[in-house]
Amino acid sequence: MSEGDTIRHVAARIRSVLSTRVPEEILAPQPRHAGDRWLERLAGRAVRSVDAHGKHLFVRFEGDLTLHSHLCMTGAWGIYRHGERWKRAADRAWLVLRCGDWEAL
């Protein structure tokens, strides 16, 4: 089970690679999220902040758009170098944000 300190650690790692940057690529590998329009809604918007409150993670973008994530029992965020093998299957990722040499998923 994810705990508050896990979420704060993840927020700090994501903040270090995404904060103030515009993701160069946004992917939604999980087929059931294809209709959510994340790609269109977030395209071209810089990440303003990444913070955690309790067990909730918030990635805030320009234009007052916020991506809210709660890891529940088995969820996870990962930070990888572009091309590095992910710890989970690619089709399990709901959202991938790529900035430079880094991917947050």
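Everything below is about the structure printed above this text.
Note that the structure is predicted; figures quoted are calculated from it, not measured. (Residues numbered from 1 in each chain as written. Predicted model: local features only at pLDDT ≥ 70, side-chain atom pairs only at ≥ 80, totals over all residues. Heavy atoms only, no water.)

Caption draft 1: Quick look at unusual backbone geometry. Phi at T20 is positive, roughly 70°, even though this residue is not glycine. Along the chain, the position of T20 falls in the loop between α1 (4–18) and β1 (25–27). Looking at T20, the relative accessible area reads 65%, which means it is exposed. The residue D64 is not glycine, and still its phi comes out positive at about 60°. Summarising the element assignment, D64 is placed in the loop between β3 (56–61) and β4 (65–70). (Helix = DSSP H or I, 4+ residues; strand = E, 2+ residues; numbered from the N terminus. Buried < 20%, exposed > 50% of the residue type's maximum accessible area, 1.4 Å probe, protein only.)

Caption draft 2: Expanded view of the pairing of β3. Pairing of strand β2 (residues 47–53) with β3 involves six bridges; the strand directions are antiparallel. Within the sheet, the bridge partner assigned to S49 lies in β3 and is R60. Hairpin connection from β2 to β3: two residues lie between these consecutive antiparallel strands, with G54 at a positive phi of about 60°. Taken together, the six bridges between β3 and β4 define a ladder with antiparallel strand orientation. (Pairing = 2+ DSSP bridges.)

Caption draft 3: Focus on the sheet that holds strand β6 (residues 96–99). The strand order across the open sheet built from four strands is β1-β6-β7-β5, with neighbouring strands paired in antiparallel fashion. In the strand order of this sheet, the two ends are held by β1 and β5 (79–81), each with one partner. Recorded for the sheet is a direction-independent mean angle of 20° between the axes of neighbouring strands. Pairing of β6 with strand β7 (residues 102–104), which is carried by three bridges, proceeds in the antiparallel orientation. Opposite R98, over in β7, you have E103 as the bridge partner. (Axes fitted to C-alpha atoms, helices over the stretch in contact; angles between N-to-C directions.)

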